[in-house]
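In case you want the letters, here they are:
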Amino acid sequence: MSTRKRFATIWLGGCTGCHMSFLDMDEKLLELPALADIVYSPLMDVKTFPREVDICLVEGAVNTESDLRMLRSVRESSVSLVSFGDCAVAGNITAMRNTGGKKAALQSGFGSMGEALAVGDDNPLPQLLAQASPLHQYVAVDYFLPGCPPSAELIWYVINELLHDRQPVLDREKLRYG
Amino acid sequence: MSEIRTLTIDGEMISAPAGATVLDAAREHGIRIPTLCHLDGLSDTGACRLCLVEIEGNNRLQPACVTRVEEQMVVRSSSPRIEKYRRMILELLFAEGNHVCAVCVVNGHCDLQDLAYDVGMDHVRFDYLHPQREVDSSHDRFVLDHNRCILCARCVRVCDEIEGAQTLDIAGRGVASWIVSDLEERWGEARSCTSCGKCLLVCPTGSLFEKGLRHADSSRKADFLRYMVNVTRRQK
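Here's a quick rundown of the structure. Because the structure is a prediction, the values reported are computed rather than measured. (Residues numbered from 1 in each chain as written. Chains lettered and ligands numbered in written order. Predicted model: local features only at pLDDT ≥ 70, side-chain atom pairs only at ≥ 80, totals over all residues. Heavy atoms only, no water.)

**Quick notes on helix α3 (residues 111–118) of chain B**
1) Next: When α3(B) is considered as a whole, its buried residues turn out to be L112(B), Q113(B), L115(B), A116(B) and Y117(B).
2) Next: Looking one or two residues past α3(B), G120(B) carries a phi angle of roughly 70°, positive in sign. (Buried < 20%, exposed > 50% of the residue type's maximum accessible area, 1.4 Å probe, protein only. Helix = DSSP H or I, 4+ residues; strand = E, 2+ residues; numbered from the N terminus.)

Structure below.
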């Protein structure tokens, strides 16, 4: 039986910027598969979220019903869940729609079609939740990694600590929002 | 000759003139107490509560900026209890407004951000209120973004105490309080405003800023106050 760590990343209601910063880790991306099996990520072709994941980075706020379902299943399957980036940690840009309400957000995005999207159960798009929220409002979060996006160095620091069973500590030097 | 008081801060014997605040005395001796609404050169109001300290014999935490030194006073500027409350205060400030650092002009030059880094605030445990607040850009040169306002009233005090214009004030109560110009007019229509821009320089967040400001130019220069106050004193 393999003792290699099983690593995953996922994005919910975000702009994918955190994953772009993840890709900016450059040569560390080559070190990662040496330390862990990457079992799920938007950057690879896997359809369903696997079970028994050791570390999962979750980008984005909980914005739609589908985000929420996904987050709950990630939580169930993962030992360490990391709130990855400002949207996951604090709602950030995704949650700016909360001040005006769901209807106004749909209208500004889809114009006159917005109304129909807000009420229809039969439309193909995932339904927006009343508010976009940080992950920890729905599930227990083990580690918080703020930043918009977090720097590649910081992402690597957190991943590397967790893969070596150490606790990442974001002190004054490492913490950054925005 | 002014009277001298002897007290202890964090186990250190300290003397300070009667009438000095605990904050003054601590700073004089190199003991750092975090502050947000306090600014050298302005009167103190004890609004933000970040400078809370423990004083022996008193079960309640006291704001160092408005607590006067007393003979034999024993002060602690840091303890698990104080740290707990400081972080909680900062989290509440973030939850109460719309502090979206990613789209804020002073991101990276913000007192509120700095203090949150100091206490290791990696997330906010409270529900964000997402209040609906306005951005007043009616002034020719300046913008007042109520979303970022933490009601420290530094702008209100500098407008009154240094510029003497008394344009800015606080209206409303509690969480619904907000900064107003003149009699709740748009800032651009406030006739008492001299457009001096001092309020922008003292704002600890991105609530007050100059139009056309680039993010890279957004560093604050609140130090100008100490200079101005010294000059004014000398003239008197």
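Moving on, there is more to tell.
**Details of the sheet that holds strand β4 (residues 58–63) of chain B**
Note: strands within a sheet are paired through backbone hydrogen bonds, in either parallel or antiparallel orientation.
Residues and elements named next belong to chain B.
1) Next: Overall, mixed pairing links the 5 strands, which are arranged β2-β1-β5-β3-β4 in an open sheet. Single-partner strands in this sheet number two, and they are β2 (12–17) and β4. For this sheet, the mean inter-axis angle between neighbouring strands, taken without regard to orientation, is 35°.
2) Next: For strand β3 (residues 52–55) and strand β5 (residues 74–76), the ladder comprises 2 bridges, and the chain directions are antiparallel. Within the sheet, the bridge partner assigned to I55 lies in β5 and is V75.
3) Next: Here helix α2 (residues 80–96) sits on the sheet and contacts β3, β4 and β5; the angle it forms with β3, its principal contact strand, is near 155°. (Pairing = 2+ DSSP bridges. Axes fitted to C-alpha atoms, helices over the stretch in contact; angles between N-to-C directions. Contact = heavy atoms within 4.5 Å.)

**Brief notes about the sheet that holds strand β6 (residues 135–136) of chain B**
Residues and elements named next belong to chain B.
1) Next: In space, the 3 strands of this open sheet follow the order β6-β7-β10, with antiparallel pairing throughout. The strands lining the two open edges of the sheet, one partner per strand, are β6 and β10 (208–210).
2) Next: Here β6 pairs with strand β7 (residues 142–145) via 2 bridges, running antiparallel. In the strand pairing of β7, V135 is matched with D145.

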